[in-house]
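Examining the three-dimensional arrangement
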Amino acid sequence: MVKKIGILTSGGDAPGMNAAVIGAIKAGCALNKDMYVVYDGYKGLITNNFKKVDSKFIEEKMNVGGTAIKTARLPEFKEESVRAKAVEALKNEGVEALIVIGGDGSYMGAKKLTEMGINCIGIPGTIDNDIASSDYTVGFDTALNTVVEAIDRVRETMTSHNRCGIIEIMGNHCPDLTIFAGLATNADEIFTVDHPLEDKAALYERMNKAYDEGRDSFIILVAEKLLNTKELEKDLNENTKWEARATVLGHIQRGGKPTAMERVNAFRMGAYAVSLLDEGIGGVCVGLHENKLVYTDIYDALKLERDKHLEFYKLHDLVK
Ligand code: ADP
Ligand code: F6P
């Protein structure tokens, strides 16, 4: 039976990662496991930056965004020789299992480590909500609330000046933050990979109609990596009756106090990951499906197609 379990956070940080770490450590200590934290993601395995902790470790950070055990990107981890060093470091310490909190890239590392003898469990941790094996990723709820608050603020200033606000939202090719926020803020237009801006002339027409009807603001949400929002701002200033201003929300979306749901779900996933390792299960990732904890083989999970939430665009048409 596994005795020593490591835990790390990898890829982009996300609010709620601390709660997942706390959940795993408390559950592990309750089962008399030796719990280790690895700093700086996979990098900490190569630099031997890990240590044994007790059940109280970072418990005061439940309400703090980011990740207290740090994160990093280590592209070299794709090389087997680099992963072999990580396996050796863990084995020298007698650590046989690892919980990896991160996105799909981190999951690949976890799967490969499992194949090399370290039983790994992935926990979906990213603001992007782009892990298809879970209805929800740790960080998404908080980031969504941050985005919604930012849009509301932009709407207030745009309304005061009778302007158009273009807002670029993170997601790394996954439109969930944009489409969920669009519905929550009654945005006027939403452009994502599943709902791109194909006909600029039609957009100009819709905007001018809204202007003529006396609308006092026009909010356009754009998922990042889709189009250049500065160029769109110029186009709209030149071709419509609106004065447009573009805002890139940027990393403000990644920080912030995790919401209550984030903390609860992350804590549950952390504790669940330990219970799976205790049963001898590895090479899987955990998730929430219809509010129940589930686990899926990592390779199967990476092959799943994400939910495009196409019904959200239809609903949005109702409020336009
Ligand atoms: P995320 O986990 O948020 O998707 P990344 O794609 O940046 O973020 O991946 C995080 C880390 O996971 C990378 O820096 C690398 O160390 C590791 N990783 C990513 N892809 C692989 C892979 N194919 N094999 C092994 N490790 C990987
Ligand atoms: O994956 C989380 C995320 O914030 C994406 O939404 C964004 O594209 C990316 O990370 C930004 O990465 P970085 O912090 O390296 O600029």
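These lines cover the structure that appears in this document, whether it is placed above or below. These figures come from a predicted structure and were not determined experimentally. (Residues numbered from 1 in each chain as written. Chains lettered and ligands numbered in written order. Predicted model: local features only at pLDDT ≥ 70, side-chain atom pairs only at ≥ 80, totals over all residues. Heavy atoms only, no water.)

1. A few points about the overall build of the protein
For the protein, the count of helices and strands is 11 helices and 11 strands. Against the compact-globule benchmark of 20 Å for 320 residues, the protein has a radius of gyration of 22 Å, which places it among compact chains. Referenced to the eigenvectors of the C-alpha coordinate spread, the extents of the protein come out at roughly 70 × 35 × 35 Å. Taken across its 320 residues, the protein has 54% of its residues classed as buried. Taking the intrachain contacts of the protein between residues at least 6 apart in sequence as the baseline, contacts between residues at least 24 apart amount to 74%. In the structure as shown, the protein presents an accessible area of about 14100 Å², 50% of it carried by carbon and sulfur atoms. (Helix = DSSP H or I, 4+ residues; strand = E, 2+ residues; numbered from the N terminus. Rg over C-alpha atoms; globule rule 2.2 N^0.38 Å. Buried < 20%, exposed > 50% of the residue type's maximum accessible area, 1.4 Å probe, protein only. Contact = heavy atoms within 4.5 Å. Areas by Shrake-Rupley, 256 points an atom, 1.4 Å probe, with all protein chains shown as cover.)

2. A look at the sheet that holds strand β11 (residues 292–297)
Here we have seven strands laid out as an open sheet, ordered β3-β2-β1-β4-β5-β10-β11, and mixed in their pairing. One side of each edge strand has no neighbouring strand; the edge strands of this open sheet are β3 (50–53) and β11. Taking each pair of neighbouring strands and ignoring which way they run, the sheet shows an average axis angle of 25 degrees. Note: strand β1 (residues 4–9) against strand β4 (residues 97–102), five bridges, orientation parallel. Of the residues in β4, the one forming a bridge with L8 is V100. Its contacts with the sheet put helix α9 (residues 260–278) on β1, β2 (34–38), β4, β5 (119–124), β10 (284–289) and β11, and the angle it makes with β10 is roughly 140 degrees. (Pairing = 2+ DSSP bridges. Axes fitted to C-alpha atoms, helices over the stretch in contact; angles between N-to-C directions.)

3. Points about the pattern of salt bridges
Under the definition given, this model contains 21 salt bridges. Across the salt bridge formed by E149 and R153, the nearest N and O atoms sit 2.4 Å from each other. One end of the pair is E149 and the other is R153, both in helix α5 (residues 140–161) and four residues apart, which spans about a single turn. Accessibility expressed as a relative area gives 41% for E149, which makes it partly exposed. Between K209 and E213 there is a salt bridge; the shortest N-O distance is 3.1 Å. A relative accessible area of 53% means that K209 is categorised as exposed. The class for E213 is exposed, based on a relative accessible area of 54%. Via salt bridges that share partners, K3, D34 and K52 belong to a single interconnected network. (Salt bridge = Lys/Arg side-chain N within 4 Å of Asp/Glu carboxyl O.)

4. Thoughts on the layout of surface pockets
The volume enclosed by the largest pocket comes to roughly 710 Å³. Taken together, 34 residues make up the lining of the largest pocket; nearest its centre are G11, G12, R73, G105 and S106. Here the lining of the largest pocket takes six residues from helix α4 (residues 104–115), the largest share from any one element. (1 Å grid on protein atoms, 1.4 Å probe; cavity = no way out; pocket = protein on both sides within 12 Å on 5 of 7 lines; lining within 4 Å. Points joined across faces, edges and corners; volume = space filled by probe spheres on them.)

5. Concerning the pairing of β10
Among the six residues in β10, five count as buried, and that is most of the element. For β5 and β10, the ladder comprises two bridges, and the chain directions are parallel. In the sheet register, G122 faces β10, and the bridge partner there is C285. Taken together, the six bridges between β10 and β11 define a ladder with antiparallel strand orientation. Bridge assignment links G287 to a residue of β11, and that residue is V294. Taking the residues that link successive antiparallel strands as the turn, the β10-β11 hairpin has two residues, and the phi of E290 there is positive, at about 50 degrees.

6. Some points on the site of ligand 2
Taken together, R73, T126, I127, D128, M170, G171, N172, E224, K225, H251 and R254 make up the full set of residues near ligand 2. In this structure, D128 approaches ligand 2 through a side-chain N or O atom, which is 2.6 Å from an oxygen atom. Contact with the protein chains covers 75% of the free accessible surface of ligand 2, which is 400 Å². Because more than half of its atoms lie within 2 Å of the grid, ligand 2 is assigned to the largest pocket. Here the shell around ligand 2 is built from residues that sort into two nonpolar, four polar and five charged. (Near = heavy atom within 4 Å. Polar contact = N/O pair within 3.5 Å; in protein donor to acceptor, adjacent residues only side chain to side chain. Sits in = over half its atoms within 2 Å of the grid points. Nonpolar A, V, L, I, M, F, W, Y, C, P; charged D, E, K, R; others polar.)

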